[in-house]
Amino acid sequence: MDHRHEDRRGLRRGAMLGVIVSSPAVTAMAVDLTVGGQRVTAYRDAGAVFLTIVGPYALIVLAGLGVYGALRWEFKYLASAVILGPFTLLRPFVVLAATVVAVRHTPAPGVAITAILAAASVLLVEPVLNRRYR
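Treat the numbers as computed from the prediction; the structure is a model and nothing was measured.

## Observations regarding the side chain of Thr114
Working step 1: With respect to the helices, strands and loops of the structure, Thr114 is situated in helix H4 (residues 109–132).
Working step 2: Of the polar contacts made by the side chain of Thr114, one reaches the backbone oxygen of Gly110; its length is 2.9 Å.
Working step 3: Setting aside chain neighbours within four positions, we find Thr114 in contact with Ala25, Ala28, Met29 and Tyr43.

What follows is the structure, encoded as structure tokens:
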């Protein structure tokens, strides 16, 4: 069965929703940088802390997606069962852990608020899409 059309439509919907739910975080950061006088280095430092937790997770998921996209169907199912499925379940916990560590690392309240809004946007996309397009 060819599901490419539905896949592309789902990707467009997810991307549009991602832009919508991430706009509060982007707005908070822009306001904090321009009006609040926050320095970019505070955001860079919090982002570096966040990436130390999310980075290894993302590399494993990307490897699983590479296997899924490049190899035969037997390996696609294996990648889905061993990597993609369990790591989809772990994603909220990884995002929350990285956010908590980044927030605790920064002394700037604006950076902490932006990190929390960004984490909320990441965690909202899948539930909203599942509920809306079922």
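## Here's the deal with the nonpolar core
Working step 1: Val54, Tyr57, Val61, Leu84, Phe87, Val94 and Ala98 form the largest nonpolar core, which has 7 residues in total.
Working step 2: With 4 residues, the top contributor of residues to this core is helix H3 (residues 73–105).
Working step 3: In contact with Phe87, other than residues within four places in its own chain, are Tyr57, Ile60 and Val61.
Working step 4: Counting residues in hydrophobic clusters, the runner-up holds 5 residues, among them Ala42, Ala46, Ala108 and Val111.

## Considerations on the side chain of Thr99
Working step 1: Along the polypeptide, Thr99 turns up in helix H3.
Working step 2: Not counting the four nearest positions on each side in its chain, Thr99 is found in contact with Phe50, Ala115, Ile116 and Ala119.

## Observations regarding the packing of helix H1 (residues 4–34) against H4
Working step 1: Viewed as axis vectors pointing N to C, H1 and H4 meet at an angle of 170 degrees, and their least axial separation amounts to 9 Å. Classified by the interaxial angle, the pair formed by H1 and H4 is roughly antiparallel. In this structure, H1 uses Arg13, Gly14, Leu17, Gly18, Val21, Ser22, Pro24, Ala25, Ala28, Met29 and Asp32 to contact H4, whose residues at the interface are Gly110, Val111, Thr114, Leu117, Ala118, Ser121, Val125, Val128 and Leu129.
Working step 2: Partitioned by chemical class, the residues of the contact of H1 with H4 number 12 nonpolar, 6 polar and 2 charged.

## Details of H1
Working step 1: Look at H1: 43 Å from first C-alpha to last across 31 residues, which is about the 45 Å you get at 1.5 Å a residue.
Working step 2: Turning to H1, its buried residues are Gly14, Leu17, Val21, Ala25 and Asp32.
Working step 3: The elements touched by buried residues of H1 are helix H2 (40–70) and H4.

## Some thoughts on a nonpolar patch on the surface
Working step 1: A cluster of nonpolar side chains, Leu71, Phe75, Leu78 and Val82, forms an exposed patch at the surface whose accessible area comes to about 360 Å².
Working step 2: Its location among the elements puts Leu71 in the loop between H2 and H3.

## Overview of the confidence of the model for the protein
Working step 1: Residues at a pLDDT of 70 or more form 99% of the protein, whose mean pLDDT is 89.
Working step 2: Taken element by element, the predicted model of the protein shows its lowest mean pLDDT in H3 (88) and its highest in H2 (91).

## Side note on the packing of aromatic side chains
Working step 1: Within the structure shown, the criterion is met by 1 aromatic pair.
Working step 2: Directly above the ring of Tyr68 sits Lys76, whose terminal nitrogen or CZ lies 5.7 Å from the centroid.

## So, the environment of Gly10
Working step 1: Along the chain, Gly10 falls in helix H1.
Working step 2: In this structure Gly10 comes out as partly exposed when scored by relative accessible area, which is 35%.
Working step 3: Each C-alpha atom of the pair Gly10 and Leu129 lies 8.8 Å from the other, and the pair is 119 residues apart in sequence.

Conventions used here
Residues numbered from 1 in each chain as written. Predicted model: local features only at pLDDT ≥ 70, side-chain atom pairs only at ≥ 80, totals over all residues. Heavy atoms only, no water. Helix = DSSP H or I, 4+ residues; strand = E, 2+ residues; numbered from the N terminus. Polar contact = N/O pair within 3.5 Å; in protein donor to acceptor, adjacent residues only side chain to side chain. Contact = heavy atoms within 4.5 Å. Core = buried A, V, L, I, M, F, W, Y, C linked by side-chain atoms within 4.5 Å. Buried < 20%, exposed > 50% of the residue type's maximum accessible area, 1.4 Å probe, protein only. Axes fitted to C-alpha atoms, helices over the stretch in contact; angles between N-to-C directions. Parallel < 35°, antiparallel > 145°, perpendicular 65-115°, else oblique. Nonpolar A, V, L, I, M, F, W, Y, C, P; charged D, E, K, R; others polar. Expected span 1.5 Å × (residues − 1). Patch = residues over 30% accessible without salt bridge, like charges linked within 9 Å, V, L, I, M, F, W, Y side chains within 5 Å. Areas by Shrake-Rupley, 256 points an atom, 1.4 Å probe, with all protein chains shown as cover. Salt bridge = Lys/Arg side-chain N within 4 Å of Asp/Glu carboxyl O. pLDDT = per-residue confidence, 0-100. Phe/Tyr/Trp six-rings, centres within 6.5 Å; stacked < 30°, edge-to-face > 60°. Lys NZ or Arg CZ within 6 Å of the ring centre and 35° of its normal.

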